[in-house]
Amino acid sequence: MRKPEVSPKGLFDPYYVPKKLLHRDRELESIKGIHSDSFADDYGVNCLVHGITGVGMTVFSRYFLTRIVPNKFDAYTVYVDAKNKDILEIVSDLNNRIHIKNNRPITVAFDLDVLWMQFKRAATTSQRKGVFVIDNIDESNEEVFSKLARLSKEIQASTIGILNSHDYRFLTKSGATAMAYDFEIPLDTYTQSQLYEIVRMRVEETFPLRLTDEVVRYIADIVCEFDASKPKTSIEALKTLYPLASRGHEIDSDMVRNATTDIATFHHEQDYMETIEAISMNDFMTLLVLEALSGHLMQYKTETYIDRKTLNEVVQIKCEELGVIYAREDIERSLQSLIFQCVVFESGYSKNLLYVLVPPEILYDTAVAMRRELVKRK
Ligand SMILES: Nc1ncnc2c1ncn2[C@@H]1O[C@H](COP(=O)(O)OP(=O)(O)OP(=O)(O)O)[C@@H](O)[C@H]1O
Ligand SMILES: [Mg+2]
């Protein structure tokens, strides 16, 4: 069997369509069903696809256009990205693409009405049905979608409009809206484990030397916790890690934190010290737990997590060294307060895995300094 191709295209091409669209079966069934009916009975249909920015709207529509439509329907497809384009550019794009798809020569024009007429003629006279997609609809270009949706009804074609949740609310809730659509397909955010699978699949498609499961899980955890589990943010992090990984560097937790600093703008060191000070006031055990946890993560840079059992063992050793009485419930209670204060996090994949977001060195130094302080005071 031929090894599937590995190429960084999947990180750098915004229109890349992965070999599989994960965890969108229900939505794909729904858009397929809508189109099956409209093709079977020969009527035009318009849909809106919406979700939060970065959730995977573009890839959903492109997957449908490039993988499903050609296999299931006798239709030609036209995709236009309206982002940062004025109306003239969008219509001109539509016109160019429809002529290319239908193998027709194009007459150059720079007038909006002329371009629209040319497009309309091409769409109306085509032997096959058209499936049109306008990505990134907003207030500035809404009229193109509306016009296209109306035309679709007249000529039994289909228009799919894509817009983010914000514009969706704004454009569909205002009473006098011209947003004509029959169906809507909301795209939900993913769970941590779904996001993990998406990121892992993309790593397999793009990184020649792969990344460890720990690193992939860590990226998924951070994005899930701080960025509404947007796949886009995870792919951006992979983009940052790619040059390092492809040069053969082993990716460690510091590198992942650096690649995700934009989303998780953590508190300043000072804030952390204050938080830790507040939780650990007279609480020797919490400081010891934090010290053990961050000490371990410092020592094993490529391990992005520490599990509870290992943590217990490390704390136990520390307690013995210091001659402190060790009780397992105390460790758990200390851990709970660190988790509650967002100093330590539990992985969304398994509560048994613990991670931190500030460099463990900072936590370690703070914990050690405060523990010494406590001892001195006593
Ligand atoms: N279900 C999925 N399976 C595989 N990859 C996915 C899935 N959902 C999203 N992705 C990937 O996540 C990244 C972001 O997706 P996409 O560009 O479609 O987001 P978007 O919602 O259109 O973002 P924007 O708001 O910026 O337009 C892409 O690399 C895309 O391939
Ligand atoms: Mg998009």
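Since this is a predicted model, take the numbers as computed values, not measurements.

1. Digging into the overall build of the protein chain
1) Next: A tally of regular secondary structure across the protein chain gives 16 helices and 8 strands.
2) Next: For 378 residues, the compact-globule estimate of 2.2 N^0.38 gives 21 Å, and the protein chain exceeds it by more than 25% at 27 Å.
3) Next: Oriented by its inertia axes, the alpha-carbon framework of the protein chain measures out at about 90 × 55 × 35 Å.
4) Next: Relative to its full complement of 378 residues, the protein chain shows a buried share of 38%.
5) Next: Counting only contacts in the protein chain whose residues sit at least 6 apart along the sequence, the fraction spanning at least 24 positions is 74%.

2. Things to note about the domain arrangement of the protein chain
Interfaces are often sized by the amount of accessible area the parts lose when they come together.
1) Next: If you check the domain split of the protein chain, you get domain 1 (24–186), domain 2 (193–259) and domain 3 (269–377).
2) Next: Look at where the C-alpha atoms of domain 1 and domain 3 centre, and you get two points 54 Å apart.

3. Focus on the sheet that holds strand β8 (residues 353–355)
1) Next: Strand order in this open sheet of 3 strands is β6-β8-β7, and the pairing throughout is antiparallel. The open sheet is flanked by β6 (306–307) and β7 (345–346), the only strands paired with a single partner.
2) Next: With 2 bridges joining them, β7 and β8 adopt antiparallel strand pairing. Counterpart to Glu346 in the pairing with β8 is Leu354.

4. As for helix α6 (residues 142–155)
1) Next: Taking 1.5 Å per residue, 14 residues should reach 20 Å; α6 reaches 20 Å between its end C-alpha atoms and fits that length.
2) Next: Next to the buried residues of α6 lie β1 (45–51), α4 (87–101), β3 (129–135), β4 (158–164) and α7 (165–173).
3) Next: At the exit of α6 stands Gln156, carrying a positive phi of roughly 55°.

5. Description of the site of ligand 1
1) Next: Close to ligand 1 lie 18 residues; Thr53, Gly56, Thr58, Val59 and Pro231 are nearest.
2) Next: Listing elements by their share of the shell around ligand 1, those giving two or more residues are α3 (57–72) and α10 (231–246).
3) Next: In terms of residue class, the shell around ligand 1 is made up of 10 nonpolar, 6 polar and 2 charged.
4) Next: In terms of domain composition, the shell around ligand 1 takes at least three residues from each of domain 1 (24–186) and domain 2 (193–259).

6. Remarks on unusual backbone geometry
1) Next: Phi at Asp42 is positive, roughly 55°, even though this residue is not glycine.
2) Next: Following the sequence through the fold, Asp42 ends up in the loop between α2 (25–41) and β1.
3) Next: Of the residues examined, Asp42 has 8 C-beta atoms within 10 Å and is grouped as exposed.
4) Next: In this structure, Gln156 is a non-glycine residue whose phi angle is positive, near 55°.
5) Next: Among the residues examined, Gln156 registers 15 C-beta atoms within 10 Å and is labelled partly exposed.

7. Let's talk about the nonpolar core
1) Next: Membership of the largest hydrophobic core comes to 51 residues, with the highest contact counts inside it found for Ile219, Val289, Leu290 and Leu293.
2) Next: Each of domain 2 (193–259) and domain 3 (269–377) accounts for three or more of the residues forming this core.
3) Next: Dropping the residues within four chain positions of it, Leu293 is found in contact with Ile306, Leu311, Val344 and Leu354.

8. Focus on the packing of helix α8 (residues 192–206) against helix α9 (residues 213–226)
1) Next: In the contact formed by α8 and α9, the axes pass within 9 Å of each other and the chain directions differ by 135°. The angle between α8 and α9 falls in the class oblique. For the pair α8 and α9, the crossing hand works out as right-handed. Across the interface between the two elements, Gln192, Leu195, Tyr196, Val199, Arg200 and Val203 from α8 touch Val216, Arg217, Ile219, Ala220, Asp221, Val223 and Cys224 from α9.
2) Next: Here the residues of the contact of α8 with α9 are counted per class, giving 9 nonpolar, 1 polar and 3 charged.

9. Re the sheet that holds strand β5 (residues 183–186)
1) Next: In space, the 5 strands of this open sheet follow the order β2-β3-β4-β1-β5, with parallel pairing throughout. Across the chains shown, the open sheet's two edge strands, defined by having one partner strand only, are β2 (75–81) and β5. Direction aside, neighbouring strands of the sheet carry axes that sit 15° apart on average.
2) Next: One ladder, built from 7 bridges, connects β2 with β3; its direction is parallel. By the bridge assignment, Ala75 is partnered in β3 with Lys129.
3) Next: Its contacts with the sheet place α2 against β1, β3, β4 and β5, and it is angled at close to 170° to β1.

About the criteria used
Residues numbered from 1 in each chain as written. Chains lettered and ligands numbered in written order. Predicted model: local features only at pLDDT ≥ 70, side-chain atom pairs only at ≥ 80, totals over all residues. Helix = DSSP H or I, 4+ residues; strand = E, 2+ residues; numbered from the N terminus. Rg over C-alpha atoms; globule rule 2.2 N^0.38 Å. Buried ≥ 20, exposed ≤ 12 C-beta atoms within 10 Å, placed from the backbone. Contact = placed C-beta atoms within 7 Å. Domains from an automatic or database assignment. Pairing = 2+ DSSP bridges. Expected span 1.5 Å × (residues − 1). Near = placed C-beta within 6 Å. Nonpolar A, V, L, I, M, F, W, Y, C, P; charged D, E, K, R; others polar. Core = buried A, V, L, I, M, F, W, Y, C linked by C-beta atoms within 7 Å. Axes fitted to C-alpha atoms, helices over the stretch in contact; angles between N-to-C directions. Parallel < 35°, antiparallel > 145°, perpendicular 65-115°, else oblique. Left-handed = near helix turned anticlockwise from the far one by under 90°.

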